[in-house]
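One-letter residues, chain by chain:
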Amino acid sequence: MTIAAPTVLVVEDDPNLRLALRDNLEHQGGYAVEEAATVKEAREHLSRRDFQLILLDVMLPDGDGYSLCRALREEGMGVPVLMLTARTLEEDVVRGFESGAQDYLGKPYRLRELLARVGAHLKRSGAVAPTKLLRFAGYSVDLDRRRVETPEGAEVELTRKEFDLLAFFVRERERALKRDEILDAVWGTDVVVDPHTVDNFVSSLKRKLKWTSASRFSIQTVRGVGYRMEVER
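Conventions and cut-offs
Sequence order sets the numbering: in each chain, residues are counted from 1 along the sequence as written. With pLDDT at 70 or above as the cut-off, local features in this predicted model cover only qualifying residues; side-chain atom pairs require 80 or more to be listed or tallied, and sums for whole chains, interfaces and linings still use all residues. The side-chain figures draw on all heavy atoms in the structure; neither hydrogens nor water molecules are used. What counts as a helix is a DSSP run of H or I of at least four residues, what counts as a strand is a run of E of at least two, and both are numbered from the N terminus. Burial classification: accessible surface area is computed with a 1.4 Å probe over protein chains only, and a residue below 20% of its type maximum counts as buried, one above 50% as exposed, and the rest as partly exposed. Every residue pair with non-hydrogen atoms within 4.5 Å of one another is taken to be in contact. Accessibility throughout is a Shrake-Rupley quantity obtained with a 1.4 Å probe, and a residue counts as covered only by protein chains that appear here. Only four residue types enter the tally: Lys and Arg on the positive side, Asp and Glu on the negative side; His and the chain ends are excluded. Here the site of a charge means NZ on Lys, CZ on Arg, CG on Asp, or CD on Glu. Only buried residues count toward a nonpolar core, which is a set of Ala, Val, Leu, Ile, Met, Phe, Trp, Tyr and Cys residues joined through side-chain atoms within 4.5 Å. Here an angle of 0 to 180 degrees is reported between the N-to-C directions of two axes, which are lines fitted to C-alpha atoms, with helices fitted over the stretch in contact. Reported orientations rely on four angle classes, namely roughly parallel under 35 degrees, roughly antiparallel over 145, roughly perpendicular from 65 to 115, and oblique for the rest. In this scheme the handedness of a crossing depends on how the near helix is turned from the far one: anticlockwise by less than a right angle means left-handed, clockwise means right-handed. For the purposes of these results, a polar contact is taken to be a pair of N or O atoms within 3.5 Å, where, inside protein, one atom must be able to donate a hydrogen and its partner to accept one; residues adjacent in sequence count only when each atom of the pair is a side-chain atom. Here, any two strands with at least 2 DSSP bridges between them count as paired. UniProt positions are given in the numbering used here, feature names are shortened, and annotations may be inferred rather than shown by experiment.

**A look at the overall build of the protein chain**
A tally of helices and strands in the protein chain yields eight helices and 14 strands. Here the C-alpha coordinates of the protein chain stretch approximately 60 × 40 × 30 Å along the principal axes. Counting the 233 residues in the protein chain, one finds 43% classified as buried. The long-range fraction of contacts in the protein chain, counting pairs at least 24 apart against all pairs at least 6 apart in sequence, stands at 57%. When the accessible area of the protein chain is evaluated, it comes to approximately 12800 Å², of which 48% is carbon and sulfur surface. One finds the centroid of the 36 positive side-chain charges in the protein chain at a distance of 4 Å from the centroid of its 39 negative side-chain charges.

See the structure below:
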């Protein structure tokens, strides 16, 4: 039986922050995400479906998160609310809780902390994320089972670091990644590794994934930077 992904509504007027939140929640959390830039848009989403968590910015073009949260509570809507805001004075935090929010996270926030809080709230509400599965060009990357399959369903045998590197490339597809960024994400910030190690692992990945010029994906060298994974739509 397929478990439906927990639903999250992101209410944020900054388009860059909103897109980054959606991408990370979908790709790293496995959640079903919808987004709104205003109180009006948030209301429209909430009228169409139920959500298991709302990430709510305080300052919005047509109102504020405090008023929206308070109104939802007065209407009997119990969906958990995690407020995201640069306003972190004590009175602002207290106001957020008094309006009915379950949690309050100041900007700029750390991504891992945000994902951890989202996961904790969803777990508390009984929502369970489905198996984390990334896909690209017909390949599947099962993060829970640490298994990679070709479009034909054959398993690709990868080492632990090769798997971690591939998963990182897939999550960050279409973005130029610096070698240092790749090393920190895959090998860790406390490990000293020759930057050219990345080159060797990329070559190994291409070989094991049977990459050719006709493949629907590529791991391109970005001169003076590092690498970028490109996938045909």
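Picking up after the structure, the text goes on.
**Considering the nonpolar core**
The tendency in soluble globular proteins is for nonpolar side chains to be buried as a group. The biggest cluster of nonpolar side chains holds 30 residues, and the ones touching the most others in it are F136, L166, F169, I182 and M229. Breaking this core down by element, the ones donating at least two residues are β8 (133–136), β9 (139–142), α6 (160–171), α7 (179–186), α8 (196–208), β13 (217–222) and β14 (226–231). In terms of residue count, α6 provides more of this core than any other element does, seven residues in total. With residues near it in sequence (within four places) discarded, M229 still touches F136, L166, F169, V170, R173, E174, F217, S218 and I219. Of all hydrophobic cores here, the second largest spans 20 residues; its members include L46, L60, V79 and Y104.

**Remarks on the packing of helix α2 (residues 39–48) against helix α3 (residues 65–74)**
Where α2 meets α3, the closest approach of the two axes is 11 Å, and the angle between their N-to-C directions is 30°. By the angle between their axes, α2 is roughly parallel relative to α3. Judged by the twist between their axes, the crossing of α2 over α3 is right-handed. Listed contacts from α3 to V39, A42, R43 and L46 of α2 are L68, A71 and L72.

**What to know about the environment of R117**
With respect to the helices, strands and loops of the structure, R117 is situated in helix α5 (residues 111–124). Since its relative accessible area comes to 23%, R117 is described here as partly exposed. A C-alpha to C-alpha distance of 8.5 Å links R117 and D103, two positions 14 residues apart in sequence. Not counting residues up to four positions away in its chain, the partners in contact with R117 are L82, D103, Y104 and L105. At a separation of 3.4 Å, a polar atom in the side chain of R117 contacts the main-chain carbonyl oxygen of Y104.

**Brief notes about the pairing of strand β3 (residues 53–57)**
For a regular strand, side-chain orientation follows a simple rule: the groups alternate between the two sheet faces. Burial of β3 is extensive: five of the five residues sit out of reach of the surface. With burial as the criterion, each face of β3 is covered, one bearing L53, L55 and D57 and the other bearing I54 and L56. As defined by bridge partners, strand β1 (residues 7–11) adjoins β3 across four bridges and the pair is classed as parallel. Note that in β3 the partner of V8 across the bridge is L53.

**Some details on the UniProt feature "domain: Response regulatory" (unreviewed entry) in the protein chain**
Here the UniProt feature "domain: Response regulatory" (unreviewed entry) sits at residues 7–122. Taken end to end, residues 7–122 is 47% helix and 24% strand, and its first and last C-alpha atoms sit 9 Å apart.

**Regarding the sheet that holds strand β6 (residues 81–85)**
Taken in spatial order, the five strands line up as β2-β1-β3-β6-β7 in an open sheet, and their pairing is parallel. Only two strands of the sheet have a single partner each, and these edge strands are β2 (32–36) and β7 (103–106). For this sheet the average axis-to-axis angle between neighbouring strands, irrespective of direction, equals 20°. Lying on the sheet, helix α1 (residues 15–27) is in contact with β1, β2, β3 and β6; it crosses β2 at an angle near 170°. Here α2 sits on the sheet in contact with β1, β2 and β3, set at roughly 145° to β2.

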